[in-house]
Amino acid sequence: MLRRVRQSSLRQALFLMARRPGLLCGAVLLGVLLVLAVKFTCSRAKNVVAAARPPVRFFSAEAPIVDLYLGQLDQVERLRSVAEVSLIFFYAPWCAHSMAARQEVQQVAKKLAKQVQFLAVNCWWNHGKCRKQNRFYQYPIIHLFYRRFGPIEYKGPYVAPYVESFILRVITPLTYLPSRDALKEFLSYHEPRVVGFFQFNSSPQPPGYMTYLSSALQALKRDFRGVVRFGVVTNKQVAEAISLKEDESVYLNRRFNSSLIFPRRERNFTSEAICSWVFEHRETVLQWLQPPGTKSRLLEHELSKGPALLLFLPHNPLGTKPSPMLQQIADIAVRYHSCDNANHSSSEETSPPHSCCQSVPLPEFSARVCEVCLRLSPSSLSSSSVRCSFSSTTTRGGEVFQSHLRHCCLHRLPAASLKGCSHFLSSYSPFSQYSACCREVEPQLNQSQAKEEQAAPLPPPSSPLAPSSHTGGGITGLRCHTNRTLRFYVLDVALNWPLAERLGATGNRSVSPHQGAGAQGDGSFATIVHLKDEVHYVLHRSPAATLTESLEAFIRNFSAPHSVLQRHLVGEEDRTAGEGETRHADTQQPPPRRFITELTTSSFLPAVMDVEKDVLLFYYTQWCGFCSVLNHVLIQLARLLQGNGSVTVARVNVARNDLPWEFMVDHVPSILLFPKYNKPNSVKYPDDLPITLPNILHFLLQHSGSVQSADKPGSASGAAEQSSVLRSEFLSLQREVQALRHARQRLSQQLAQLWRDNRRLTFDAITLEAPNSDLQSERRSLEDQHRETSRQLGEAVGRLEELVDASENLLSENTLLRVLLRALKDSTETDEQQEKERDEGEQRRSHMAS
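On a predicted model such as this, the values are computed, not experimentally measured, just so you know.

What counts and how
- Residues numbered from 1 in each chain as written.
- Predicted model: local features only at pLDDT ≥ 70, side-chain atom pairs only at ≥ 80, totals over all residues.
- Heavy atoms only, no water.
- Pairing = 2+ DSSP bridges.
- Helix = DSSP H or I, 4+ residues; strand = E, 2+ residues; numbered from the N terminus.
- Axes fitted to C-alpha atoms, helices over the stretch in contact; angles between N-to-C directions.
- Contact = heavy atoms within 4.5 Å.
- Parallel < 35°, antiparallel > 145°, perpendicular 65-115°, else oblique.
- Left-handed = near helix turned anticlockwise from the far one by under 90°.
- Nonpolar A, V, L, I, M, F, W, Y, C, P; charged D, E, K, R; others polar.
- Buried < 20%, exposed > 50% of the residue type's maximum accessible area, 1.4 Å probe, protein only.
- Arc of directions from axis to C-beta.
- Core = buried A, V, L, I, M, F, W, Y, C linked by side-chain atoms within 4.5 Å.

**Q** Sorry if this is basic, but what is going on with the sheet that holds strand 4 (residues 141-146) here?
**A** In sheet architecture, strand pairing relies on hydrogen bonds along the backbone and comes in two forms, parallel and antiparallel. Reading across the sheet, the five strands line up as 1-3-2-4-5 and stay open at both edges, with mixed pairing between neighbours. For this open sheet the edge positions go to strand 1 (66-68) and strand 5 (149-153), each flanked by a neighbour on one side alone. The average undirected angle you get between the axes of adjacent strands in this sheet is 20 degrees. Strand direction decides the pairing type here: strand 2 (residues 85-91) and strand 3 (residues 117-122), joined by six bridges, are parallel. Bridge assignment links Ser86 to a residue of strand 3, and that residue is Gln117. Its contacts with the sheet put helix 8 (residues 209-222) on strand 4 and strand 5, and the angle it makes with strand 5 is roughly 20 degrees.

**Q** Teacher, can you tell me more about the packing of helix 22 (residues 631-640) against helix 23 (residues 693-703) here?
**A** How two helices pack is summed up by the angle between their axes together with the distance between the axes. The interhelical angle for the contact between helix 22 and helix 23, taken along N-to-C directions, is 50 degrees, at an axis separation of 10 Å. Here helix 23 runs oblique to helix 22, going by the angle between their axes. In the crossing of helix 22 with helix 23, the sense of the turn from one axis to the other is right-handed. For the pair formed by helix 22 and helix 23, the contact residues are Val633, Gln636, Leu637 and Leu640 on the first element and Leu693, Ile696 and Leu697 on the second. Taken together, the residues of the contact of helix 22 with helix 23 sort by class into six nonpolar, one polar and no charged.

**Q** What is the right way to look at helix 23 in this model?
**A** Each turn of an α-helix holds 3.6 residues, which means side chains three or four residues apart point in the same direction. Burial in helix 23 covers these residues: Leu693, Ile696, Leu697, Phe699 and Leu700. For helix 23, the buried positions fall inside an angular range of 160 degrees around the axis, keeping them on one side. Exposed and oriented more than 90 degrees from the buried face of helix 23 are Pro694 and His698.

**Q** I tried to follow the nonpolar core on my own but got confused; where do I start?
**A** If you look at soluble globular proteins, the nonpolar side chains tend to sit buried side by side. By size, the foremost hydrophobic cluster in this structure holds 53 residues, and its most contacted members are Phe89, Phe118 and Ile167. Ignoring sequence-local partners within four residues, the contact set of Phe89 consists of Phe58, Phe59, Ser98, Ala101, Val105, Leu119, Ala120, Val121, Pro140, Ile141 and Ile142. Residues Ile332, Val334, Phe488 and Val535 belong to the second largest nonpolar core, which totals 31 residues.

**Q** What is the right way to look at the packing of helix 4 (residues 96-112) against helix 6 (residues 160-171) in this model?
**A** Running from amino to carboxyl end, helix 4 crosses helix 6 at an angle of 45 degrees, the nearest separation of the two axes being 9 Å. Between helix 4 and helix 6, the angle falls in the class oblique. The chirality of how helix 4 crosses helix 6 is right-handed. Seen from helix 4, the contacting residues are Glu104, Gln107, Val108, Lys111 and Leu112; seen from helix 6, they are Ala160, Val163, Glu164, Ile167 and Leu168. Across the contact of helix 4 with helix 6, the residue classes break down as six nonpolar, one polar and three charged.

Structure, rendered in structure tokens:
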């Protein structure tokens, strides 16, 4: 049955091929092309992503560093176990920071190769174990291992001296103190010092010594500079100098409070507990800052605590002792924090009265100020009703208070050398009294004058109640006598020079920047930053004054109730004129005229306060998108007014140029007009009015100083002068009106041209509608034809697949038929041969019988 079906299918396929031979050829050709396309696509897909190149050595072969550039982390563990101190440098070959740190690490490795084993691991190779087992978010990373302790991650700058200093701290975390002189010298420095007492008599290594050693390494984990130093004493007589009598005792030295001994009965004697106890109770008067150079809130966190004195100093991390300059600053910081505890005695008979002071400027004399102090007896301090406040007294007895000031002080003010002070009892309590002392305040100076004036110390008031009067006129204990407490921070000037420049330092860090406002001849720079008040002050040292004198006067002036320090303004350097002169000197051409005047911090006041010109000032920043949109309006305005010499169009970038507080605005963009002859009465452009060219011109004409020329100094000298001024103003107005008319004509022409262009575009659009509709219909017809053709091709492909299957069946059946025909032919030939032989036998038998 099956045989018959196959034979019928074969007959049908042969019949179809006989009727349509082209269809079979097309099907075969299409199948071959499809197979070739699939094969070509698959072969291309394999080569789309190229294989990663195998990594190569990151460090040079001459460097004494084992470079595991395939990320073999198992070899790291094996090599680290046989070395006492190991440094592991994890890097990524493409990382620019890793490339920059490579030279520094090689330099350190050449010096310390005999003491430290240096390993470098490529932690970016995706087939290495380091990449699979670690998840680092930045490169490079340095880990140090001291015997079995580690890892100690290095978080400092990747500079050779700093890395070498950190390694030396890890190699020798403890300082041996063999004598009392060595102990005294060890405790004389300003950094926190910890001393451990361990006797090595009974055994070569006491049981608590390794714990103490681990605590010193734990401290290096927290602070890579090793500010907290750990020392060890083995002699009992030396330990008795700091009252250490028991073995395995840990002593924390403090300057302002009593020193402490680790409470072993209250806390466990472990390395983590000792380190936490030291960092919890240490005293720090001078703190090192090292911004990481990336996005960080380190400075904001420190500056938000209060006023900060930032000292940029040259620093050598490999120095065995602090530099003399750092010693002077540390001595100033220690004396600033050294409060006199005698003033806080509980005895009322010996303790001085408590006082609180307030500075009151005198309206009659702008350069005079009175410091009024409320002096309270010790018995009144215990009463809850007495407060250190002037609110109640000044409100009720304001007239008495003002009259007393005039009586005691104002009549003496004309004499510059006299200072008036007197006392009178308060009307509320016999235990409190006022003290009023008046002095002259130096006028505000510009930055060039402030260089010589700020170094001079503030003259102390004659009243003993003034807060700036201390022992010897210095800064000893000033921290406890002022509400503007300073925090001392030290930064390496070589690593943080960009920050110093932003704060006002000038010069070049590679040379001694003795020229400029902030940097000194020895490469140092000092500034006080008050983040809450958004101000900072720069120390300008006098050539004749020492560092100690200048810094003490700087701190005293800042701590005074009525400080004479002037806010330092940082702005862009005015290079426009210099660059223009240099550029046009070679070509012998005059510099081009600028329509808009770009102002900086230094050129702001001279340009804005020019009494002969109306100054229209535009406040902007480089990140303000609205300011960029208004640039074309400002340029058009400047072009219209370019022939008028009495009007200046200027702008200032308030993000890069600090301005005095009275000239600042609350938002950008903002426009202010400073009219001539009437600069104090500046006018702000209305916020609700759109900033357009007609509106600005109307604003300028309305508030210009031309209509207020009567306020010009000396204008009342005669009618002739007034008429000449009015005539000049009238002529300027005529020129402005003429310019406006020309501008109106140009705008009318532009509008007419725009209207004609719009009409032409409308006609073109109407003309293109008919071809567009024809194209749309043709597109739809082509889409229908495409769908019909696709359907027909799909049906043809289906028929071709059926033909292919039928042809395969026919081929198989044809082969079977051939086999059967061959067998049938063989059997037929055999039968014929046998029949022939049978006939021949019969013929022979018949012949023989005959």
